[in-house]
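An overview of the molecular structure
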Amino acid sequence: MFRKENDETSIWISTADLMSGMLVLFLFISVLLTQQENETQGKLKSINENAIIAQRELQSSLNEEFGEKGLSKYNLDTGKDLSKVGHASFLDGESRFKQGSAVPTSDFENELRVFLPKYLKAIKKCDDKDKNLIKEIRIEGHTSSEWHANVSPDQAYINNMELSQARTRAILEFALTEPSLQEYRPLIKEKLTANGLSSSKLKYKPGTSIEDKEASRRIEFRVVVNDDRTIKAIREAIGLDENRK
């Protein structure tokens, strides 16, 4: 009888030790996972902060080059939304190009001679610090939905696509041949692109669905940051690219 009780006690102690050991193991795994999660969150926070710092540097550089009046004149966005930093708009399309023409007016060329050196200088400062920060500097051509001749809506869209592309290409050619921009030619050839968007991004009168044809006719410049690099860094931080060669 005594021996039987002793055996049962022995079994109980072994089971208790096993449960205690498993509890310790689970706690260890929990602590390890929490530590890894904290490390990953720290890496992600650092990646995000670095991206924000880079965009703020561009923001500061644009402010320095243009000043308050210049920012307002070219509708340059350096506000709280960092994703829009470097976005500039030239409105009043008819003063930039004559109707149906892809040849810049002399007034627009003079305006570009003032705008582009400051704009490219501000961008170059950031690009010199980090060659992979800025993926692209887009010249975007936008039109209204109408065409000066009586054609179908689809044909008007196609015609405006050709026109908007030709206009942005003309600006790109101007940038490459303008003597005052020669020091920026490497940056221009590497990152400045011409993008005709036709009437795909129309402007509307406030509070309505009525197209604002004058506002729709515009030229815009847009800085595209290298999101691919940030995404890659995030994937590496969370271990998605560890097994990739």
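Source: prediction; values computed, not measured. (Residues numbered from 1 in each chain as written. Predicted model: local features only at pLDDT ≥ 70, side-chain atom pairs only at ≥ 80, totals over all residues. Heavy atoms only, no water.)

**Considerations on the overall build of the protein chain**
Tallying secondary structure elements over the protein chain gives 6 helices and 4 strands in all. Counting from the amino terminus, helix and strand elements in the protein chain follow one another as α-β-α-β-α-α-β-α-β-α. Across the 245 residues in the protein chain, those meeting the buried criterion constitute 36%. In the protein chain, the proportion of contacts linking residues at least 24 apart, taken out of those at least 6 apart, comes to 71%. When the accessible area of the protein chain is evaluated, it comes to approximately 15300 Å², of which 54% is carbon and sulfur surface. (Helix = DSSP H or I, 4+ residues; strand = E, 2+ residues; numbered from the N terminus. Buried < 20%, exposed > 50% of the residue type's maximum accessible area, 1.4 Å probe, protein only. Contact = heavy atoms within 4.5 Å. Areas by Shrake-Rupley, 256 points an atom, 1.4 Å probe, with all protein chains shown as cover.)

**Quick word on the nonpolar core**
In a soluble, globular protein the nonpolar side chains are often hidden away together inside. If you look at the biggest cluster of nonpolar residues, it comprises 37 residues, and the most contacted ones within it are Phe115, Tyr119 and Phe221. Secondary structure elements with two or more residues in this core: α1 (2–73), β1 (88–90), α2 (106–129), β2 (134–142), α3 (153–177), α4 (185–191), β3 (192–196) and β4 (218–225). In terms of residue count, the dominant contributor to this core is α2 (9 residues). Once you skip the residues sitting within four places of it in the chain, Tyr119 turns out to touch Leu62, Phe66, Leu76, Gly86, Ile137, Phe221, Arg222 and Val223. (Core = buried A, V, L, I, M, F, W, Y, C linked by side-chain atoms within 4.5 Å.)

**Regarding empty space enclosed by the protein**
The final tally for this structure, using the stated rule, is 1 cavity of 30 Å³ or more. What the largest cavity holds in volume is close to 60 Å³. Phe97, His142, Arg167, Arg218 and Ile219 are the residues nearest the centre of the largest cavity, which is lined by 11 residues in total. Looking at the lining of the largest cavity, the elements that each hand over two or more residues are β2, α3 and β4. Residue composition of the lining of the largest cavity, by class: 2 nonpolar, 5 polar and 4 charged. (1 Å grid on protein atoms, 1.4 Å probe; cavity = no way out; pocket = protein on both sides within 12 Å on 5 of 7 lines; lining within 4 Å. Points joined across faces, edges and corners; volume = space filled by probe spheres on them. Nonpolar A, V, L, I, M, F, W, Y, C, P; charged D, E, K, R; others polar.)

**Points about the packing of α2 against α3**
The interhelical angle for the contact between α2 and α3, taken along N-to-C directions, is 60°, at an axis separation of 11 Å. In terms of orientation, α2 and α3 fall into the oblique class. The handedness of the crossing between α2 and α3 comes out as right-handed. For the pair formed by α2 and α3, the contact residues are Phe108, Glu109, Leu112, Arg113 and Leu116 on the first element and Ile171, Phe174 and Ala175 on the second. Looking at side-chain class alone, the contact of α2 with α3 contains 6 nonpolar, no polar and 2 charged residues. (Axes fitted to C-alpha atoms, helices over the stretch in contact; angles between N-to-C directions. Parallel < 35°, antiparallel > 145°, perpendicular 65-115°, else oblique. Left-handed = near helix turned anticlockwise from the far one by under 90°.)

**A closer look at the pattern of salt bridges**
Applying the stated criterion across every chain yields a total of 17 salt bridges. Among the salt bridges present, the one from Arg218 reaches Glu220, with a minimum N-O distance of 2.8 Å. In this pair, the class of Arg218 matches that of Glu220, namely buried. If you follow the salt bridges from partner to partner, you end up with Glu136, Arg138, Glu140, Arg218, Glu220 and Arg222 in one network. (Salt bridge = Lys/Arg side-chain N within 4 Å of Asp/Glu carboxyl O.)

**Observations concerning the environment of Arg113**
Within the secondary structure, Arg113 is located in helix α2. Taking the relative accessible area as the measure of exposure, Arg113 reaches 33% and is therefore partly exposed. Residue contacts for Arg113: discarding those within four places in its chain leaves Phe174 and Glu178. Side chain to side chain, Arg113 and Asn110 meet in a polar contact 2.8 Å long. (Polar contact = N/O pair within 3.5 Å; in protein donor to acceptor, adjacent residues only side chain to side chain.)

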